[in-house]
Amino acid sequence: MVEPDLPRTAKVRDGKALRTGFTTGACATAAAKAAILLLATGKRSSTVDVWLPVGRRVEFAVDRCETFGDAAEAVVVKDAGDDPDVTNGAHLTATVAWSDEPGVHLYGGDGVGVVTRPGLGLEVGGPAINGTPRQMIRITVEEVCDPYRDRGVDVVVSVPEGERMAKRTTNARLGILGGISILGTTGIVRPFSTAAWRASVLQAVDVMAASNLDTCVLTTGGRTERAAIGLMPGLDEVCFTEVGDFTGAAVERCVEAGLRRLVFVGMAGKLAKLGAGVMMTHYTKSRVDTGYLAEVTARAGGDASLVAAVGKANTGRHAYELWSQDGLLAAAGDTLCDDVSVNLAVWARHCGGELEVDAVMVDFDDLNPVAWSTRAPERLAATGTDPDLWRRP
C-alpha cells in the first residue's frame with residue numbers, strides 16, 4: 001500500500017517553474033490596507049504591501065481606491081498565477097468605516113458566501129471568511145491605526161460576481177451560500193490547486209461529520225459523482241465529494257472524523273490503481289498496472305488468452321472492454337471492487353480506525369453500475385438504492 005507525494009507537474013510545466021499567485025484572503029487584506037490608509041490619512045495608494053503568513057511582505061497593485069461619504073473603498077484584482085482558479089481576476093473589494101465600538105469588525109458583503117452548516121470552523125450565519133484572512137486583515141488595520149483606543153473599524157469584504165463564481169465550486173454543498181469563500185492559510189496560491197483540492201476534500205469530510213452523517217461517498221470526478229448520487233438518492237448531498245487523486249488522504253480524514261462507512265464509486269482505471277494498493281492516483285505518480293489486472297482476470301475465471309490480452313492492455317478502459325467482449329465484465333469487475341474495498345479498509349486501519357467500505361464500478365458511457373463489492377447491495381440498501389440496479393441480465 002503506497003500513497004505517493006503530489007506530482008512534480010503541480011510545480012513545473014515544460015521544464016519551467018509554474019508561477020504562484022495569491023489567495024482571496026491575501027487580496028482582500030491588500031484591499032483593506034489601501035482602504036484604511038485612505039480613511040485614516042486621506043491618501044490614495046496605487047500599491048500597498050501586506051504581511052503574509054509565509055513570513056514575508058508582498059506588494060499588491062491597487063486597482064481602485066476612493067471615498068464614499070464617510071467610508072473608503074479599495075479593490076485588488078486577484079492574480080492566481082498559473083493556477084486555473086475560478087476566482088482568478090476577481091475584484092476583491094474592501095469597504096472600511098469608523099465604528100463607535102472599539103476593535104476590527106469584519107463583515108461579508110455581496111459575493112461573499114454565508115455559512116449555513118457546521119463543520120467549517122466558522123460561525124453559522126456568518127461570512128465565509130476563514131481564520132487566517134481574518135487575522136491578516138486585523139493585523140493590517142492595526143498597522144495603520146489603533147482600533148482599540150478611541151474608535152474601531154468596520155471592514156466589509158465583497159466580491160462582485162462572487163455568487164456566479166461560487167457555482168463552479170463545492171461551496172453550496174458544504175453549506176456556503178451566496179458567494180465565494182475568502183480563503184488561504186499562507187496567502188500564496190500553488191499552481192494547479194493540488195493542495196487546494198486536497199484541502200477541500202478534507203473540509204468536505206469535516207462537514208459530513210459535523211452534520212452527524214456517517215457515510216462518505218468518494219468519486220473521481222463530476223460524471224462519477226452524478227452516477228453516485230443517482231445510485232444513493234437517500235443520502236444528503238454533502239456526503240458526496242469528488243476526491244480526485246486524494247483517496248488515501250480522504251480515508252485518513254474519515255477515520256479522524258469518526259465516520260462509519262465509505263463508498264467509492266469510479267471507473268475501471270482509478271479502481272485498478274486502488275485495487276493494486278495505490279492511494280494517490282495522479283497519472284504522473286501511478287500507472288494502471290495491467291499485470292495486476294491480468295491477475296484479476298485469472299481470479300475471475302478468465303482463460304489464458306484473455307489473461308494475456310489484459311496483461312498487454314493499453315489502459316484500464318482497454319482491459320474493461322476486453323472483459324466485456326469476453327463476457328467476464330461482471331466477474332472481473334466484482335473481483336476488482338472487492339480488492340478496492342479490502343485495500344481501503346486496510347488503509348483505514350493503517351490510519352488507526354475501522355471503516356465499512358464498498359466499491360462500485362460504473363460504465364464509462366451510461367454511468368450505470370456494472371460491478372460492485374460483495375456486500376454493496378446489502379449495505380447500500382439504506383441509502384435508497386433501487387434494487388433493480390443490482391440485477392444483471
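- You'll find the chain entered in an unreviewed UniProt entry as Cobalt-precorrin-5B C(1)-methyltransferase, with Glycomyces rhizosphaerae given as the organism.
- According to the UniProt record, the Sequence similarities (unreviewed entry) comment for the chain reads "Belongs to the CbiD family."
- Checking UniProt for the chain, the heading Catalytic activity (unreviewed entry) contains the comment "Co-precorrin-5B + S-adenosyl-L-methionine = Co-precorrin-6A + S-adenosyl-L-homocysteine".

### Considerations on the side chain of threonine 87
Item 1. Mapped onto the secondary structure, threonine 87 falls in the loop between strand S7 (71-77) and strand S8 (91-99).
Item 2. Residues contacting threonine 87, with those up to four places away along its chain left out, are Thr24, Lys78, Met165 and Ile180.

### Remarks on the nonpolar core
Item 1. Core analysis: the biggest nonpolar cluster contains 73 residues, and Met232, Leu262, Trp323, Leu344 and Met361 have the highest contact counts within it.
Item 2. Looking at this core, the element that brings in the most residues is helix H12 (residues 329-350), giving nine residues.
Item 3. With sequence-adjacent residues up to four places away left out, methionine 361 is seen in contact with Gly266, Ala268, Leu271, Tyr320, Trp323, Gly333, Leu336, Cys337, Asn368, Pro369, Val370 and Ala371.
Item 4. Core analysis: the next-biggest nonpolar cluster, separate from the first, contains 42 residues, Phe22, Cys65, Val76 and Ile188 among them.

### Topic: the sheet that holds strand S17 (residues 240-242)
Neighbouring strands of a sheet are bound in pairs by backbone hydrogen bonds; such pairs are parallel or else antiparallel.
Item 1. The sheet built from five strands is open, its strands ordered S17-S16-S18-S19-S20 with mixed pairing. On the outer flanks of this sheet lie S17 and strand S20 (369-372), each paired with one strand and no other. Adjacent strand axes in the sheet meet at a mean angle of 25 degrees, parallel and antiparallel pairs treated alike.
Item 2. Where H12 meets the sheet, its contacts fall on strand S18 (261-266), strand S19 (356-362) and S20, and the angle it forms with S19 comes to roughly 145 degrees.

### Looking at the packing of helix H9 (residues 290-299) against H12
Item 1. Contact pair H9 / H12: the axes reach a minimum separation of 8 Å and the direction vectors enclose 120 degrees. Handedness of the crossing formed by H9 with H12: right-handed. Note on element contacts: H12 touches H9 through Ala332, Thr335, Leu336 and Asp339, opposite Tyr292, Val296 and Arg299.
Item 2. Of the residues contributing to the contact of H9 with H12, the split by class is four nonpolar, one polar and two charged.

Parameters and conventions
- Residues numbered from 1 in each chain as written.
- Predicted model: local features only at pLDDT ≥ 70, side-chain atom pairs only at ≥ 80, totals over all residues.
- Heavy atoms only, no water.
- UniProt positions renumbered as here; feature names shortened; annotations may be inferred.
- Helix = DSSP H or I, 4+ residues; strand = E, 2+ residues; numbered from the N terminus.
- Contact = heavy atoms within 4.5 Å.
- Core = buried A, V, L, I, M, F, W, Y, C linked by side-chain atoms within 4.5 Å.
- Buried < 20%, exposed > 50% of the residue type's maximum accessible area, 1.4 Å probe, protein only.
- Pairing = 2+ DSSP bridges.
- Axes fitted to C-alpha atoms, helices over the stretch in contact; angles between N-to-C directions.
- Left-handed = near helix turned anticlockwise from the far one by under 90°.
- Nonpolar A, V, L, I, M, F, W, Y, C, P; charged D, E, K, R; others polar.

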